[in-house]
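One letter stands for each residue in the lines below.
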Amino acid sequence: MMNKLARLAINDEGFIFDPVTGNSFTTNRVGLWILKQLKEGKEPMQIWQEMTARFEVDPETAERDLTDFIGQLRTYKLL
Amino acid sequence: MEELVVAVSGINAVDNPGPGIGVIRSLKEDPGLRVKAIGLAYDAMEPGIYLDWLVDRSFIMPYPSSEEEDYLARLFYIQDVTGLNVIVPTLDAELPLFIKGAEELAARGLKTFLPTWEQFELRSKQRLIELASELGLSIPPTEIVSSYQDLWRALDRIGFPAMVKGLFYKAYRVHTYPEAEGAFHKIVEEWGYPVLVQKVVQGEEVNVVGVGDGEGGSLGMMAIKKLWITSLGKIWTGVTIKNEALLEATSKFLEKSSWRGAFELECIATEERIYLIEINPRFPAWIYFATGAGLNLPARLVKAALGLPVKRDSSYEAGRLYIRYTYDIVTDMETFQHVVTRGES
């Protein structure tokens, strides 16, 4: 799961570049934070728990957003 | 530093540009060379003739399809009047002539750094099919056809859209049987049989540019992805990438073929595999991209042609961006008049 994420170049403004495919993406502040957690090897469950503490969001919304975001990463073949 | 006179063709910097201007710009930027650039043109309107900060003199050439003797005689004339040392042909149609004439050119002291005839023929689409598997690359489903009946049967199996291709040159994307028949007819008329029908594979368009040392090694290579292409399919923006599978396949290609000279590998990358589409025996029109990213491949090729020491590394960063742009110049009629009346500027 980690291999592709590890190779991504991510800047602080949420610009993501994949040096193997040449594809680039943008994400918002929350997406950027989730990506960094995934790159550090954290599991979705742990990220979800930290998300509710870090951002003003209820657990259900956080879970839905995290699931959606991970789904998008899979769609773009980043996971 | 002694002045080096280098002739470069493909100075047609138009909407389907030749590689010449990128090659000359690279040569002029190399700190180890002092190059006087000679443009070899086929028309007085080729923009390179007028870019006097890059192209020092230009000469109109006979078409490569004309008699080899006439073509070489023109080169020897250019040598007599300019002191020409090295020639870098950059157009597909010129390559057979230069490869066949390489010995005669060398005997007159004109250096080139080109593939052998055998290496040149490796690019035939039939041979590519065999070569690709040796390189760990795939080839889109392809059928070789020599009649309309074969063509229809191949299209039944492959489906639409499909590419109808000549053995060495030309490729048409077709969506219907009548379109395919038209493309088949055009290719046969111009290039003869056989014709290939190839499935269109969806994926990222990735290319590798490089120079082979003629002994199985590389004098540098760089991979890119095309980000934006024109309606003619020409790159307008691109980005450098580090796709190890692609670069390894390119190294294998050099090892197996002992390729000498410039090359461009055109591929389509999907999640699972890399498809080899074409090998071009020359620099691409975007060659200055490599120079700007730190690999001055034209300068390395010229040094190799002269037997000088050459850097062999392929050090570049992924994520370097290439942007082509248009530019205008206004000049008087003098250069144009000279080229039209004298065939040179």
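Quantities reported herein were computed from a predicted structural model and do not represent experimental measurements.

Since the α-helix turns once every 3.6 residues, residues separated by three or four places project in the same direction. Residues and elements named next belong to chain B. Here helix H8 (residues 244-257) spans 20 Å end to end across 14 residues, near enough to the 20 Å set by a 1.5 Å rise per residue. What H8 keeps buried is the set Leu246, Ala249, Thr250, Phe253, Leu254 and Ser257. All buried residues of H8 project into a common sector of 145° when viewed along the axis, lining one side. For H8, the exposed residues lying more than 90 degrees away from the buried face are Glu244 and Glu248. Of the surrounding elements, those touching the buried residues of H8 are helix H4 (117-121), helix H5 (125-135), strand S9 (204-213), strand S10 (218-229), strand S12 (260-269) and strand S13 (274-280). Looking one or two places after H8, you find Ser258, whose phi comes out positive at around 50°.

Before going further, it helps to spend a moment on the sheet that holds strand S1 (residues 3-9) of chain B. All names here are of chain B. Spatially, the four strands line up as an open sheet ordered S3-S2-S1-S4, and their pairing is parallel. Every other strand in the sheet has two partners, leaving strand S3 (57-60) and strand S4 (86-88) as the edge strands with one partner each. Neighbour-to-neighbour, the strand axes of the sheet open up by a mean angle of 25°, direction not taken into account. Both S1 and strand S2 (residues 34-41) contribute to a ladder of seven bridges, which runs parallel. Paired with Glu3 across the bridge in S2 is Arg34. Of the strands in this sheet, S1, S2 and S4 touch helix H1 (residues 20-29), which is tilted by about 170° from S2.

As a further point, take the domain arrangement of chain B. Accessible area lost during the coming together of the parts is what is often quoted as the interface size. One can read the domain layout of chain B as domain 1 (3-112 + 328-342), domain 2 (119-123 + 202-323) and domain 3 (141-199). Its C-alpha centre places domain 1 of chain B at a distance of 35 Å from the equivalent point of domain 3 of chain B.

Turning to the packing of H1(B) against helix H10 (residues 297-305) of chain B, a few remarks are in order. Residues and elements named next belong to chain B. At a minimum axis separation of 7 Å, H1 and H10 run at an interaxial angle of 75°. Comparing the axis directions of H1 and H10 gives the class roughly perpendicular. Across the interface between the two elements, Val23, Ser26 and Leu27 from H1 touch Pro298, Ala299 and Val302 from H10. Split into classes, the residues belonging to the contact of H1 with H10 amount to five nonpolar, one polar and no charged.

The rules behind these values
Residues numbered from 1 in each chain as written. Chains lettered and ligands numbered in written order. Predicted model: local features only at pLDDT ≥ 70, side-chain atom pairs only at ≥ 80, totals over all residues. Helix = DSSP H or I, 4+ residues; strand = E, 2+ residues; numbered from the N terminus. Expected span 1.5 Å × (residues − 1). Buried ≥ 20, exposed ≤ 12 C-beta atoms within 10 Å, placed from the backbone. Arc of directions from axis to C-beta. Contact = placed C-beta atoms within 7 Å. Pairing = 2+ DSSP bridges. Axes fitted to C-alpha atoms, helices over the stretch in contact; angles between N-to-C directions. Domains from an automatic or database assignment. Parallel < 35°, antiparallel > 145°, perpendicular 65-115°, else oblique. Nonpolar A, V, L, I, M, F, W, Y, C, P; charged D, E, K, R; others polar.

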